[in-house]
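# Report on the structure
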Amino acid sequence: MKSERHKRPDLLDPAELDDLGGLELIARAVVQGFVAGLHSSPSRGFSAEFAEHRAYRPGDDLRFVDWRMYGRSDRFFLKQYEEETNLAAHICLDVSRSMDWRSRADGLLTKLEYGKRLAASLTLLLIRQGDLASLICFAERVMSRLPLRGTIAHWAQIVRQLAAQAPGHLSTAGQTLEELTRAAPRPGMVVLISDLLVDEARTRRALNQLRHQGHEPLVFHILDPGELELSGSGDAVFVDPETGDEVAARSADLRAEYRAAVARSLDAWRRACGSRSIDYHTIATDQPLALALGECLHTRSRLA
Amino acid sequence: MIDFLHPLLGLATLAVAIPIALHLMRRREARRVSFPAVRYLRQAEQRHAQRLRLRYLLLLSARLLIILLLAVAAMGPLLGHGGPTDHRPTALAIVMDESQSASRLLGDRRLLDLYAERARIDLEQATADDRVALFSAVRSDEAAIALGAAAVREYLVSLRIAAARADLPGAIRQAAAWLGSERERAREMHVFTDLQRVSLTAGASGPTEEMPEVGRSLSVIVYAPDVATQGNGAAGDAEPEVAPLIVGLQTKVSLPLHWFGLEMPAGSSLVRLVKGDDAIVMAEAAFGATALLSLPPQDSGWVQGYVEIDRHGLAADDRRYFTWQVRPAPRVAVLGDAGGFLTHALDALEQGGRLQQVEPAAAEVWLATAATRLEAGLATGRSVIVVPPADPIDLPRLNSRLGRARVPWRYRSEERRGVAHLAEGAAVAGLAALEFRQVYRLIPSGFTQDTALLQLSGAEPWLVRGTTAAGAAYLLLASPLTPEASELPVSAVMVPFLDALVGDWARRGRIGPTVFEGLAPIRLPARADQVQQPDGSRRPAEGGAWYRAAEAGNYAVLDGEGRIMAFSVNAPLIESDLTPGQPSELERILPAARWSWQRETSLAGWQQGIFRTRRGRPAWRPLVVLFLVLSIGEAALAAAGRPRRETKRQ
């Protein structure tokens, strides 16, 4: 098992993947490792998989006519596969300033770096499965947007965009998702990668709207281990990098209450998403990317 | 009531600023940490804030209290009202009025004994940290008579009535000056007095002076028992009609009887003159009158004894001591032309047995009316009385003789307008009323310690007495003894003046006064080595030094072979005036605006009233308990705030 972990970058600590090179190489390695780990092909349910026949209707593409059936029955039937069309996946990455933070400098990625690697890996995985993927980077506004495409070249463009994306300031996830609701009427998968230090009510409303519109939202709640557990014991003034809000406290005094507050917040997200059948996953930045990829694949399969 | 042993250490309470400063500094200097999840922290902080604030407050309070407690402990707190010896270090000045009036009785005890008893209570309640000094009202010109508790205790053991004038303001001034220098201690002055008016008046030590500035408040406690005041009869000084007494001559002695106060007794009092143990003369006289006693002829030497009247009021002043010298009649020779008046006066004295006129070679006193052989007389140890010539033209010759005889005086003839008079207080009664028309100036020709026995009203010397290195006496008169020069030769004063001149002033080894007030300075003869006290005891003395005797009585000055001088000590007559002073007179002495004072007469009141800065007992036990409780509380609070050891993560 250990040796398998060593062979599969998707199961490694994301911080350990730096040696592989840039974001593109890391994403490729991760996806490759992830795909290799699957016992059956991930493309099993996609366009190559025959599902049923249906009667030819004028206008149908003649490439899908089953000529064998025509020979036997003298009627035109079309071969219908499980996936007739490519899935549209919108990857929404939070690039606000709170994402550009890590609790320790050694052996840990910032939430933004982790999100970028996750986004790159997800888009590669989806495109390799024939889906279309778009990328929306947002902070206080939509910082960059790449349209839906399903080509490797497009993925390479996504990777370049991610690599070049600088952190913004505030996070407006709710507004971004609302815009997406209006701009993407076609149901698809909406992957929100964020630390969710956002306007929670508006974001939840936007997720609900997406869900209501037939989208399949998938929320990756990125957490730094240092946010889950308050470290240190001395007095400190904690400053919110986005709002400048300050709290002077002694870590040791607030540790228990902080842990409870985080738990309450995560539980609130979990319940809010669960009630709307929205997939919600917490991912710590020291966890392997494979976990997120797996969750994504799971959601993807449900859509298929 | 709470007090402190070391109140200055209260400055340590300022250390409470340390935890406060640390608290504030730590808050200000806390590190700033970028932390995105501040919203969760805010929620936690809001939930935790109240408990946190309370804990911080309790911790800070506990630490402040611990510091305050340590500071208070360092100050040495004293709680409650302690015993007599639980007082602040105190400088205690005891002012003792041991004058004659302190011999009055209260019940069956003398006031002086009551003073000593109270003063001993002071010493019993004094601690090693106190400073005690004793000041005497009869020695107001001196600083502390006894300094230190041991010295004061020793002084009290030998405390005697002093036959001297009490100057209470002067003693209080001395005590206040000493207390003014004792700035590190609490200050108290205990005054023991009968509040006799004459001791309160400033006349004893000159005009009233402002009391010294003591600085901080001064507590004065006056022990002045109420003594019934009544009229007081006292004997005055017994004085022989002529002095010195001449061997074999009967002498009249006058003794005035004084009465102080109202209700002078109507009858007369018996007067006794006692020599040794025998009353040798007795008489009767009324108060306000003078008794005349006939002293029988005495042998050569010293006559000591006392005169005594019946007891009236204060007993101590009913007896007056005397010392007289009895000498043979002087052998006198006149050199030069004596003149009629001088010759008649000398003859009268010779007839009365007061002198013998002899040839110059056999004389012990030369009366020189001409400037001849002065140096020869002085060189042979004779006394020389120089009567200046009537004609000023003879003065240079006289001055030349004086120079040859090493007499440091010269005559100078100066024009004088009008007549001159001798100053009041001349030893011979009536001299001051006489007119002197011819007076030469007596000018010292060098350094001299000679005495001007008689002075003109302008303080100019008229009769100078000096002695040569060999001990011979010389007397220089400033006027000729002629009727043209003055009224003296033709007046009745001439004979007693001449008697004093040749019989007393000109005598070799003249003693001078033999009756003194207590503590008056008395010059002892050069050969003296002991002074015999009135009780017969002897005390070593230094010849030629000043001696001050306090106790009334007769003294003898001794050398190795026997008595060489004698004197008596009596209290000043004014001390017999027992009129009590008024409170206003006491307040004038004790500046009430600056000093607090009270009069305390009862024994219990005295014990309670003295050492006012009494303090409680050391309060270390409750402090230790409080310290432990606070320390435990602080430790518990601090421990509650420390992060708990996390259980190992699964």
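Residues numbered from 1 in each chain as written. Chains lettered and ligands numbered in written order. Predicted model: local features only at pLDDT ≥ 70, side-chain atom pairs only at ≥ 80, totals over all residues.

### Description of the overall build of chain B
For clarity, the threshold we go by: Helix numbering and strand numbering both begin at the N terminus, where a helix is a DSSP run of H or I of at least 4 residues and a strand a DSSP run of E of at least 2. Here a residue counts as buried when 20 or more other C-beta atoms fall within 10 Å of its C-beta, as exposed when 12 or fewer do, and as partly exposed in between; the C-beta atoms come from the backbone. Remark: residues whose backbone-derived C-beta atoms lie within 7 Å of one another are considered to be in contact.
When helices and strands are counted, chain B shows 13 helices and 37 strands. Counting across all 650 residues of chain B, residues that qualify as buried make up 38%. Summarising the internal contacts of chain B: among those between residues at least 6 apart in sequence, 74% fall at separations of at least 24.

### Thoughts on the interface of chain B and chain A
Frequently, the measure chosen for interface size is the accessible area that the parts lose on association. For clarity, the threshold we go by: Amino acids outside the nonpolar list (Ala, Val, Leu, Ile, Met, Phe, Trp, Tyr, Cys, Pro) and the charged list (Asp, Glu, Lys, Arg) are all regarded as polar, and Gly is one of them. Pairing between strands requires that DSSP locate at least two bridges from one strand to the other.
Facing 24 residues of chain B, the contacting portion of chain A comprises 26 residues. Counting residues per element, the side of chain B that touches chain A draws most heavily on helix α2 (residues 38–75) of chain B, which supplies 11 residues. Grouping the constituent residues of the side of chain B that touches chain A by class yields 11 nonpolar, four polar and nine charged. Bridging between strand β8 (residues 235–239) of chain A and strand β2 (residues 31–34) of chain B involves four bridges; their strand directions are parallel. Bridging across to β2(B), Ala236(A) finds its partner in Arg31(B).

### Points about the nonpolar core
Side chains of nonpolar character tend, in soluble globular proteins, to be buried together. The condition is simple: For this entry, the nonpolar core is defined as buried Ala, Val, Leu, Ile, Met, Phe, Trp, Tyr and Cys residues connected by C-beta atoms within 7 Å. Each domain's extent was defined by an automatic or database domain assignment.
Ala93(B), Ile94(B), Val95(B), Ala175(B) and Val557(B) are the most contacted members of the largest nonpolar core, which totals 98 residues. A total of seven residues in this core trace back to one element, the largest contributor, which is helix α5 (residues 168–181) of chain B. Both domains that furnish three or more residues to this core are identified here as domain 2 (90–229 + 578–609) and domain 3 (232–327 + 513–575) of chain B. Non-local contacts of Ala175(B), meaning those with residues more than four positions away in its chain, are made with Ala93(B), Val95(B), Phe135(B) and Met189(B). Residues Leu108(A), Leu132(A), Val198(A) and Tyr280(A) belong to the second largest nonpolar core, which totals 82 residues.

### Topic: the confidence of the model for chain B
All names here are of chain B. Where we set the bar: For every residue, the predictor reports its confidence as pLDDT, a number between 0 and 100.
Per-residue confidence for chain B gives a mean pLDDT of 86, with 94% of residues at or over 70. Predicted confidence for residues 645–650 stays below pLDDT 50, and this span has zero contacts to residues more than four positions away or in other chains. Here the prediction assigns the complex a pTM of 0.58, and the interface score ipTM is 0.81.

### Here's the deal with the sheet that holds strand β19 (residues 319–327) of chain B
Strand pairing in a sheet relies on backbone hydrogen bonds. The paired strands run either parallel or antiparallel. Residues and elements named next belong to chain B. Read across the open sheet, the five strands follow the order β13-β19-β18-β15-β16; overall the sheet is mixed. Every other strand in the sheet has two partners, leaving β13 (245–246) and β16 (278–286) as the edge strands with one partner each. Direction of pairing for strand β15 (residues 268–275) relative to strand β18 (residues 301–309): antiparallel, over a ladder of five bridges. By the bridge assignment for β18, valine 274 is matched with tyrosine 306.

### As for the packing of helix α7 (residues 340–351) of chain B against helix α10 (residues 494–505) of chain B
When two helices pack together, their arrangement is given by the angle between the helix axes and the distance between those axes. Residues and elements named next belong to chain B. The cut-off we apply is this: The convention used is that axes are lines fitted to C-alpha atoms, helices contributing only their stretch in contact, and that angles between N-to-C directions extend from 0 to 180 degrees. In these notes the angle categories are as follows: under 35 degrees is roughly parallel, over 145 is roughly antiparallel, 65 to 115 is roughly perpendicular, and the rest is oblique.
Viewed as axis vectors pointing N to C, α7 and α10 meet at an angle of 70°, and their least axial separation amounts to 9 Å. Judged by the inter-axis angle, α7 sits roughly perpendicular to α10. From α7, Phe341, Ala345, Leu346, Ala348 and Leu349 reach across to α10, where they touch Met494, Val495, Leu498 and Asp499. Taken together, the residues that form the contact of α7 with α10 break down as eight nonpolar, no polar and one charged.

### A word on helix α6 (residues 173–183) of chain A
All names here are of chain A. The line we're drawing: The directions considered for the arc run from the helix axis to the C-beta atoms.
Within α6, burial applies to Ala173, Thr176, Leu177 and Leu180. Down the axis of α6, the smallest arc covering the buried residues is 95°, so these residues share one side. In the core, the buried residues of α6 are packed alongside β3 (88–94), β4 (132–138), β5 (142–149), β6 (189–194) and α7 (200–212).

### Thoughts on the pairing of β5(A)
Residue and element names in this part refer to chain A. Sheet topology places β4 next to β5; five bridges connect them, and they run antiparallel. Looking at β5, one finds that alanine 133 is bridged to arginine 149. Joining the antiparallel neighbours β4 and β5 is a turn of three residues.

### Brief notes about the pairing of β4(A)
Residues and elements named next belong to chain A. Cut-off, in case you're wondering: By convention, orient the strands away from the viewer: a clockwise path from the first strand over the helix to the second makes the crossover right-handed.
In terms of burial, β4 is largely enclosed, as seven of its seven residues are buried. Going residue by residue along β4, you find Leu132, Ser134, Ile136 and Phe138 tucked away on one face and Ala133, Leu135 and Cys137 tucked away on the opposite face as well. With seven bridges connecting them, β3 and β4 associate as parallel partners. The residue of β4 that forms the bridge with alanine 89 is alanine 133. Once you follow β3 into helix α4 (residues 111–128) and on to β4, the crossover reads as right-handed.

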